[in-house]
Every structure is written in C-alpha cells, then in structure tokens.
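# Structural characterization, general
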Amino acid sequence: MIQLENISKKYTTKKGTIEAVKDVSLHVKKGEIHGVIGYSGAGKSTLIRCVNLLEAPTAGKVRLNDKEFTELSKAQLLAERKNIGMIFQGFNLLKTATVGDNIAIPLKLIGVKPSDIAARVDKYLEIVGLTDKKNAFPGQLSGGQKQRVAIARALAQEPDVLLSDEATSALDPETTESILDLLLKINAEFGITILLITHEMQVIQRICDHVYVMEAGEIVEDGPVIDLFSQP
Ligand code: ADP
Ligand code: ADP
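A brief look at the structure comes next. (Residues numbered from 1 in each chain as written. Chains lettered and ligands numbered in written order. Predicted model: local features only at pLDDT ≥ 70, side-chain atom pairs only at ≥ 80, totals over all residues. Heavy atoms only, no water.)

So, on to the site of ligand 1. Inspection of the region around ligand 1 gives Tyr11, Thr13, Ile18, Ala20, Tyr39, Ser40, Gly41, Ala42, Gly43, Lys44, Ser45 and Thr46 as its neighbouring residues. The separation between an oxygen atom of ligand 1 and a polar main-chain atom of Gly43 is 3.0 Å. The fraction of the free accessible surface of ligand 1 (560 Å²) that becomes covered by protein chains is 61%. At the level of secondary structure, the elements contributing two or more residues to the shell around ligand 1 comprise β1 (2-13), β2 (16-28) and α1 (44-51). Considering only residue class, the shell around ligand 1 consists of five nonpolar, six polar and one charged. (Near = heavy atom within 4 Å. Polar contact = N/O pair within 3.5 Å; in protein donor to acceptor, adjacent residues only side chain to side chain. Areas by Shrake-Rupley, 256 points an atom, 1.4 Å probe, with all protein chains shown as cover. Helix = DSSP H or I, 4+ residues; strand = E, 2+ residues; numbered from the N terminus. Nonpolar A, V, L, I, M, F, W, Y, C, P; charged D, E, K, R; others polar.)

Next up, the structure:
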C-alpha cells in the first residue's frame, strides 16, 4: 500500500519559492487503483516523484507497506525502490537494446540471479502479449507496443506498487483502452497496487477505484470514482 501523509514540496528557484505540492494526503490500499487528475502544472509529477524516491518532500510522510521513508537508511531506500515499478508517457526505453534486454538490464542492476532473469523476461513478455518481439528494437514498435514493453520491464522487478505518469497520454484512444485493460488485468492477476497521474478523465473512469482532483498543488476533491460519476 501507498500512504502519503500531509506531503508538501517547495522548490526554491531564482524567481522565488513555489509550493508545487501543498499538504496532500492519500492512501492506496493493497490491490486498489487510485488516480490523481489535474491540469498541467497542478503538481501531479512532483507528487508521484515523492513516492518513487526521485524527490524528498519538504514536509510530510511517505509510507510504502508500513515502512516510512524518512526513517530508512540510504541502503534501505535503495532496496525499497525494487518494490516500486514506474511507467511514463515517453516509455523511457533504451533505443539501442532489444526488447528482451530492455527488460533484462534493470533486473541485472537490482541483483536478480542471472538464471532467473531469462525466465522473467519470457514470463512478462508473454503477459503483455509481446513474446514475438523479444529480439526487436524499440524503434520497430508502435507506441502501444513500446508501452507494453515498459510495463513488462516494470513488472519484471515484481514490485508491490506500480506508478504511472501519464502512461497513455501519447497514445490514440484505442491503444489507450488496450493499455488500460492490460493494467486492469495485471492488477487482478498480481494484486499490484496502482497509483497513476493523468489529465484524462477517460483513464480515471475506466480503471480507477478512487480519484483525487489536484489544482495548484492541492487536492480539491476526492472520492470513489463510482460516486463522482453516478448521476443524481
Ligand atoms: P504536473 O505534473 O501536474 O504538470 P508538476 O509537478 O510538473 O505538475 O509541476 C508543479 C509546479 O511545480 C509547476 O509550477 C512547475 O513549474 C513546478 N516545478 C516542478 N518541478 C520543479 C523543479 N524541479 N524546480 C522548480 N519548479 C518545479
Ligand atoms: P512533467 O510534468 O511531464 O514532469 P515537466 O516539463 O513539468 O514535465 O518537468 C520536466 C522536468 O523539469 C522535471 O524533472 C521537473 O522536475 C523539472 N521542472 C519542471 N518545472 C520546472 C521549473 N519551473 N523549474 C525547474 N525545473 C522544472
């Protein structure tokens, strides 16, 4: 599970200080899918970067599976990163590596046994439906296929949580639907907890249990998706 308690993040630049995230709390229980929606500049990326340890919040607590990040040592934080998979709008694949190697390389870096790496590459490529693309290069794939590779790469670490930063924003509506269906499938199959950020209501409606609306760094509204969209 992911728990944020009163998270704030200030950036100090030459022009002054901006508070990108203001006193945000949220709680994604194991196996749930929560989404944060808001316009560009609302603070969504900053918020998710506090969860994947790319940013340290200025105030507040981040907890993953009851471990509080501020109480962990550097080594413990590094170990905790293995529990967090992440997918991005721009896919972030290595262009010069094959699909299989894109999945294998991060596994090597986190110390998975070489004998297990090949098995995981095959297992997760099959789950995302790209077994036949193992030796292809990212440049030979469509956007939807690239995002499937990125999802396989994230899952291959066998994390407890998956974070998604606008993962479908660069994709056409049909491809978006197929990627969202894949996220639902892996959520059901592995019980993986998902926190996503998006500016698209369609994404929230299709897969999220709970939605947070973010504006100028703050959560201005939140509730179960079913309540927010049901007609009176
Ligand atoms: P969103 O993801 O919703 O588009 P961001 O989290 O990227 O929002 O940005 C929120 C605000 O914080 C914006 O005003 C942005 O310019 C500012 N911001 C984000 N990252 C930094 C940074 N590293 N340094 C200074 N300001 C930043
Ligand atoms: P996204 O919203 O997709 O993260 P951005 O363009 O907001 O894309 O941010 C790209 C990078 O630039 C991030 O690392 C972010 O922290 C940083 N950034 C965003 N806004 C600012 C800013 N006003 N000053 C400095 N860095 C920024």
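Let's pick the thread back up.
The next thing to look at is the packing of aromatic side chains. Scanning all chains against the criterion turns up one aromatic pair. Here the aromatic rings of Tyr124 and Phe190 are separated by 6.2 Å at their centres, their planes lie at 50°, and the arrangement is tilted. Taken together, the residues Tyr124 in helix α4 (residues 114-127) and Phe190 in helix α6 (residues 173-190) connect sequence positions 66 residues apart. A relative accessible area of 3% means that Tyr124 is categorised as buried. (Phe/Tyr/Trp six-rings, centres within 6.5 Å; stacked < 30°, edge-to-face > 60°. Buried < 20%, exposed > 50% of the residue type's maximum accessible area, 1.4 Å probe, protein only.)

This brings us to the nonpolar core. The biggest cluster of nonpolar side chains holds 44 residues, and the ones touching the most others in it are Ile87, Ile151, Leu162, Leu183 and Ile186. With seven residues, helix α5 (residues 143-156) is the single largest residue contributor to this core. Those residues within four positions of Leu162 in sequence are excluded, and the remaining contacts are Gly85, Met86, Ile87, Ala154, Leu183, Ile186, Ile192, Thr193, Ile194 and Leu195. Judged by nonpolar contacts, the second largest core, of 25 residues, contains Ile7, Val28, Ala42 and Leu195. (Core = buried A, V, L, I, M, F, W, Y, C linked by side-chain atoms within 4.5 Å. Contact = heavy atoms within 4.5 Å.)

Inspection of the entire model under this criterion finds eight salt bridges. In this structure, Lys9 engages Glu55 in a salt bridge whose closest nitrogen and oxygen atoms are separated by 3.6 Å. Within this pair, whereas Lys9 is found in strand β1, its partner Glu55 is found in the loop between α1 and β4 (59-64), the two being separated by 46 residues in sequence. Across the pair, exposure class does not vary: Lys9 and Glu55 are buried alike. The network of salt bridges with common partners includes Lys9, Arg49 and Glu55. (Salt bridge = Lys/Arg side-chain N within 4 Å of Asp/Glu carboxyl O.)

In a beta sheet, neighbouring strands pair by backbone hydrogen bonds and run either parallel or antiparallel. Pairing is antiparallel in the open sheet, where four strands are placed in the order β2-β1-β4-β5. This sheet does not close on itself; its edge strands, each paired only once, are β2 and β5 (67-68). The pairing of β4 with β5 spans two bridges and is classified as antiparallel. By the bridge assignment, Leu64 is partnered in β5 with Lys67. In this fold α1 packs onto β1, β2 and β4, with an angle of close to 120° to the strand it touches most, β1. (Pairing = 2+ DSSP bridges. Axes fitted to C-alpha atoms, helices over the stretch in contact; angles between N-to-C directions.)

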